[in-house]
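Residue-level listing of the chains:
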Amino acid sequence: MYHQSEILSQQTGWIILAILSVVWIGLGIYWGKKAKSNEGFMLAGRNVGLALGTATAMATWITSNTTMLAPQFALQLGIWGMIAYSTASFGLFLFAPLAKRIREIMPNGYTSGDFIRLRYGKTSWIIFLAISIFYGFTWLVSMGMAGGILLNAIAGIPYQLGMTVILLVCVVYTLFGGLFAVIGTDFIQSVIILIGVVIIGFGVLDKVDFDLVYENLSTDRPMLINALMPASIMAIFNNLLFGIGEVFHSNVWWSRAFAMRKGIGKKAYNLAGLFWLPVPIAAGFIALACGALNINVTSPDMVGPLVAANLLGKAGSIIVFIVLFSSLASSIDSLLAATSDLITEDIYKKIIRPTASDEKVRKMSARIVIGLGIFAWAICMPRIGTLATVLFFAGPMVGSTIWPIATGLFWKKASSKGATMGMVLGSAVGLLAYFQLGWYTASLIGAGVSMLTVILFSLQSKENFEWNLLKDN
Amino acid sequence: MKQTVKIRTSLLAIFLLYCTIHAFSEDISFVGDLKQETMTGYYLLKWQKGNQPASESDLFVLQQSNDRSFTQSKNIYEGPDLASFISGLPNGEYYYRVGLENKAKDITWSKPLQLSVQHHSLQISFILVIAGTIIFLATVAVIVIGNLKYNR
């Protein structure tokens, strides 16, 4: 870490952190009482309505990546970078019809892994699980890191301590409440995030001189407002496809599709996308003002919180702190719950102990939540890179799952070989692009190679998949 | 015998002097190679202050110039931080140096760091944009057509 001048005192930081921690853990325990069975713990009783469904999808998608990575995109890649980030909302829009289809063809499903196993067989399932667990883990690590970076930059709390507290709080309340607690806290967190973003937005609009920002950008950072900046042009579709791949394959979104009442999923995901769309643009814009405001940035992923906190003073810093803590918590809890479901259902219950009782499965699920927390904590301890480099490393793998998922849900001729080869070739070529061209190309190339592979295999395929095979499960 | 003692004393004195100079060295230097390249126009400049830890009272000055001799330069940061993220640079050669200001307002400068900016070609960028558009539209088509088919 390179010394960065903080805005709040450490004491204030610890007090806010303690209050928020007590509130989330208390709510987790309260909502956890509703989870009587394993299905209640994992899927909130499959009875989530429109308001909670929309709030949980939106809050989960507003992560540290929206509030910290969108400004990083703007600072690194300029105007196009900011717009590129907002294209991740297409992941939610396109998943809306998929959520409806998933609920119809798999009324008793638990995880995205269930779908791949039943639709494509064991080989594709193992590759998919490897990709999905790896992605879930990079997301979790990027958010644990974001928590540590945030607390350090705003309140001077040592990175390791701040990161440990955030992970610990999320593990504890997810452990007690399962998906009930995750969705309940997501609702409150989404309200806090939206109110906070509006306050910060008005504060910034009031205090920033747009002419000065433009003048500073055109003299000191001209490429940020250049419509033909090559890396940012490349990033547009890369981020769009990364976002689509993230939502399509991740059990975070599938578990919500299974948890929502029939007929709710499509509306909830569309509404969540609409609410989410302006957030990265607002968060990204403030990063462009850092030069005009003479704010030194020692790590690009901290630019958003730094500018907002500097502009709005102590009160603003506290709002930024609360908003960011909420956005981090709402995503970490979802990831812990969804990844633990994936491991419990797809590895423990399907491979290790198929005859395990409901109680045993729930106990195992809790152990996996703790294990994931500890593992993420150990990886987060040494700060291994910026948020973008950590998260986008999973980009090619994530991009390569788009076509196996989309065609698997709608094409009877989508074949197992096509899905397997699509994921393998897409990931391999995409990773090559990550190292040869840059992180802002890897998802796009991974998705493209996977698409071609899936289409080629489907054209030659003689399969005629029977959808009832999914329903029976 | 006497000469051996003298030699030993001299060696000890040289060793102690060397340790003292290095223990309190305030040499400023950039972290990493002094010649860097980027295809994105952004770079994180990091520096360190000799063997001593930096303190809140340190005043570092970071300068950017288009020539190695810094005949025309501008200060892009002044303060106690040990890094600065620069971005939005067009193609070209950029030179950076960082200095530490002492109480007498004198500045000790680091060796300059040379940053070469050469953006990706626009041709590759547009090829990727076209590829991205095709993949995106094809994905939308699969979903829309599939949805229409199964919702009739």
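Since this is a predicted model, take the numbers as computed values, not measurements.

A. Highlighting the overall build of chain A. Counting its regular elements, chain A contains 21 helices and 0 strands. At 21 Å, chain A has a C-alpha radius of gyration in line with the 23 Å of a compact globule built from 473 residues. C-alpha atoms of chain A, sized along the principal axes, occupy 65 × 50 × 40 Å. Of all intrachain contacts in chain A linking residues separated by at least 6 positions in sequence, the fraction that spans at least 24 positions is 87%. For chain A, the computed accessible surface area is about 15,700 Å², with 68% contributed by carbon and sulfur atoms. With 31 positive and 21 negative side-chain charges, chain A shows a spacing of 12 Å between the two charge centroids.

B. Quick look at the overall build of chain B. When helices and strands are counted, chain B shows 2 helices and 9 strands. Each helix and strand of chain B, placed in order from N terminus to C terminus, yields the pattern α-β-β-β-β-β-β-β-β-β-α. By the burial criterion, 38% of the 152 residues in chain B qualify as buried. Considering only residue pairs separated by 6 or more positions, chain B has 60% of its internal contacts joining residues 24 or more positions apart.

C. Fine view of the confidence of the model for chain A. Per-residue pLDDT for chain A has a mean of 86; in total, 93% of the residues score no lower than 70. Predicted confidence in chain A is weakest over helix α2 (residues 38-43) of chain A, with a mean pLDDT of 62, and strongest over helix α18 (residues 402-410) of chain A, with 97.

D. Just a nonpolar patch on the surface, in detail. A surface patch of nonpolar side chains, amounting to about 400 Å² of accessible area, comprises A:L50, A:L194, A:L271, A:L274 and A:F275. Take the nonpolar patch: its biggest share by element is 3 residues, from helix α12 (residues 265-276) of chain A.

E. Structural context of the interface of chain A and chain B. Residue-level contacts link 52 residues of chain A with 42 residues of chain B. Together chain A and chain B conceal approximately 4,100 Å² of surface at their shared face, both sides included; 69% is due to carbon and sulfur atoms. Taken together, the connections running from chain A to chain B amount to 1 salt bridge. A:D220 serves as the salt-bridge partner of B:K74, at 2.8 Å between the closest nitrogen and oxygen. Applying the counting rule to chain A against chain B returns 15 residue pairs in polar contact (both at pLDDT 80 or more).

F. Molecular detail of the packing of aromatic side chains. Evaluated as defined, the whole model comprises 26 aromatic pairs over all chains. Each ring, one from A:W467 and one from B:Y150, has its centre 5.8 Å from the other, and the planes form 90 degrees; the classification is edge-to-face. On the criterion of chain membership, the pair formed by A:W467 in the loop between α20 (442-460) and α21 (468-472) and B:Y150 in helix α2 (residues 122-150) is interchain, its members lying in two chains. Residue classification places B:Y150 among the partly exposed residues on the basis of a relative accessible area of 24%. Ring pairs connect the aromatic residues A:F95, A:F115, A:F248, A:W253, A:W254, A:F258 and A:Y269, which therefore count as one cluster.

G. View of the pattern of salt bridges. All names here are of chain A. Inspection of every chain in the model, using the stated rule, returns 9 salt bridges over all chains. Of the charged contacts, one joins E463 and R119 as a salt bridge, the two residues approaching to 4.0 Å between their closest N and O atoms. With a gap of 344 residues between them, E463 in the loop between α20 and α21 and R119 in helix α6 (residues 112-120) connect regions that are remote in the sequence. Residue classification places R119 among the buried positions, given a relative accessible area of 3%. Residues K349 and E345 are paired through a salt bridge, measuring 3.7 Å at the closest nitrogen-oxygen approach. Placement of the pair is K349 and E345 together in helix α14 (residues 303-352), with a separation of 4 residues, close to one helical turn. Overall, K349 belongs to the partly exposed group, its relative accessible area being 26%. Looking at E345, the relative accessible area reads 2%, which means it is buried.

H. Geometry of the side chain of A:D333. Residue and element names in this part refer to chain A. Residue placement: D333 occurs in helix α14. Despite its burial, D333 pairs with no opposite charge, the nearest such side chain being R256 at 5.4 Å. For D333, the residues in contact, after removing those within four places along its chain, are Y173, T174, V182, T185, D186 and Q189.

I. Representation of a positive patch on the surface. Taken together, the side chains of A:R353, A:K360, A:K363 and A:R367 make up a positively charged region of the molecular surface. Note on placement: A:R367 falls in helix α15 (residues 358-380).

J. Structural detail: helix α9 (residues 210-220) of chain A. Residues and elements named next belong to chain A. Listed in full, the buried residues belonging to α9 are V213, N216 and L217. In an axial view of α9, the angular spread of the buried residues amounts to 95 degrees, which keeps them on one side of the axis. Away from its buried face, by an angle of more than 90 degrees, α9 presents the exposed residues D211, Y214, E215 and T219. The opening residue of α9 is D209, an N-cap whose side-chain oxygen sits 3.1 Å from the backbone nitrogen of D211.

K. Structural view of the pairing of strand β9 (residues 113-117) of chain B. All names here are of chain B. A large share of β9 lies buried, amounting to 5 of its 5 residues. Here 4 bridges tie strand β2 (residues 35-38) to β9, and the two strands are oriented parallel to one another. Paired with Q36 across the bridge in β9 is L115. The sheet contact formed by strand β7 (residues 92-101) and β9 spans 5 bridges and is antiparallel.

L. Up close: the nonpolar core. All names here are of chain A. Residues F95, W139, F248, W253, Y269 and L409 are the most contacted members of the largest nonpolar core, which totals 169 residues. With 20 residues, α14 is the largest single contributor of residues to this core. Apart from residues no more than four positions distant in its own chain, Y269 is found in contact with A57, L92, F95, A96, A99, W253, R256, A257 and M260.

M. Molecular detail of the environment of B:Y77. All names here are of chain B. Here Y77 shows up in strand β5 (residues 73-79). By relative accessible area, Y77 is classed as buried at 10%. Between the alpha carbons of Y77 and K46 there is a distance of 12 Å; along the sequence they are 31 residues apart. There is a polar contact of 2.8 Å between the side chain of Y77 and the backbone nitrogen of D81.

N. Representation of the sheet that holds strand β6 (residues 83-86) of chain B within the structure. All names here are of chain B. Across the sheet, 3 strands lie side by side as β1-β3-β6; this open sheet has antiparallel pairing. Both outer strands of the open sheet, β1 (28-30) and β6, are each paired with one neighbouring strand and no more. Direction aside, neighbouring strands of the sheet carry axes that sit 20 degrees apart on average. By the bridge criterion, 3 bridges tie β1 to strand β3 (residues 43-49) in an arrangement that is antiparallel.

O. The arrangement of the layout of surface pockets in detail. The volume enclosed by the second largest pocket comes to roughly 430 Å³. A:R221, A:G291, A:N294, B:I76 and B:Y77 are the residues nearest the centre of the second largest pocket, which is lined by 21 residues in total. Breaking the lining of the second largest pocket down by element, the ones donating at least two residues are α9 of chain A together with β5 and β6 of chain B. Considering every element that reaches the lining of the second largest pocket, the biggest residue donor is β5(B), with 5 residues. Counted by class, the lining of the second largest pocket contains 9 nonpolar, 8 polar and 4 charged residues.

Criteria and cut-off values
Residues numbered from 1 in each chain as written. Chains lettered and ligands numbered in written order. Predicted model: local features only at pLDDT ≥ 70, side-chain atom pairs only at ≥ 80, totals over all residues. Heavy atoms only, no water. Helix = DSSP H or I, 4+ residues; strand = E, 2+ residues; numbered from the N terminus. Rg over C-alpha atoms; globule rule 2.2 N^0.38 Å. Contact = heavy atoms within 4.5 Å. Areas by Shrake-Rupley, 256 points an atom, 1.4 Å probe, with all protein chains shown as cover. Lys, Arg positive; Asp, Glu negative; His and termini not counted. Charge placed at Lys NZ, Arg CZ, Asp CG, Glu CD. Buried < 20%, exposed > 50% of the residue type's maximum accessible area, 1.4 Å probe, protein only. pLDDT = per-residue confidence, 0-100. Patch = residues over 30% accessible without salt bridge, like charges linked within 9 Å, V, L, I, M, F, W, Y side chains within 5 Å. Salt bridge = Lys/Arg side-chain N within 4 Å of Asp/Glu carboxyl O. Buried area = accessible area lost by both parts, 1.4 Å probe. Polar contact = N/O pair within 3.5 Å; in protein donor to acceptor, adjacent residues only side chain to side chain. Phe/Tyr/Trp six-rings, centres within 6.5 Å; stacked < 30°, edge-to-face > 60°. Arc of directions from axis to C-beta. Pairing = 2+ DSSP bridges. Core = buried A, V, L, I, M, F, W, Y, C linked by side-chain atoms within 4.5 Å. Axes fitted to C-alpha atoms, helices over the stretch in contact; angles between N-to-C directions. 1 Å grid on protein atoms, 1.4 Å probe; cavity = no way out; pocket = protein on both sides within 12 Å on 5 of 7 lines; lining within 4 Å. Points joined across faces, edges and corners; volume = space filled by probe spheres on them. Nonpolar A, V, L, I, M, F, W, Y, C, P; charged D, E, K, R; others polar.

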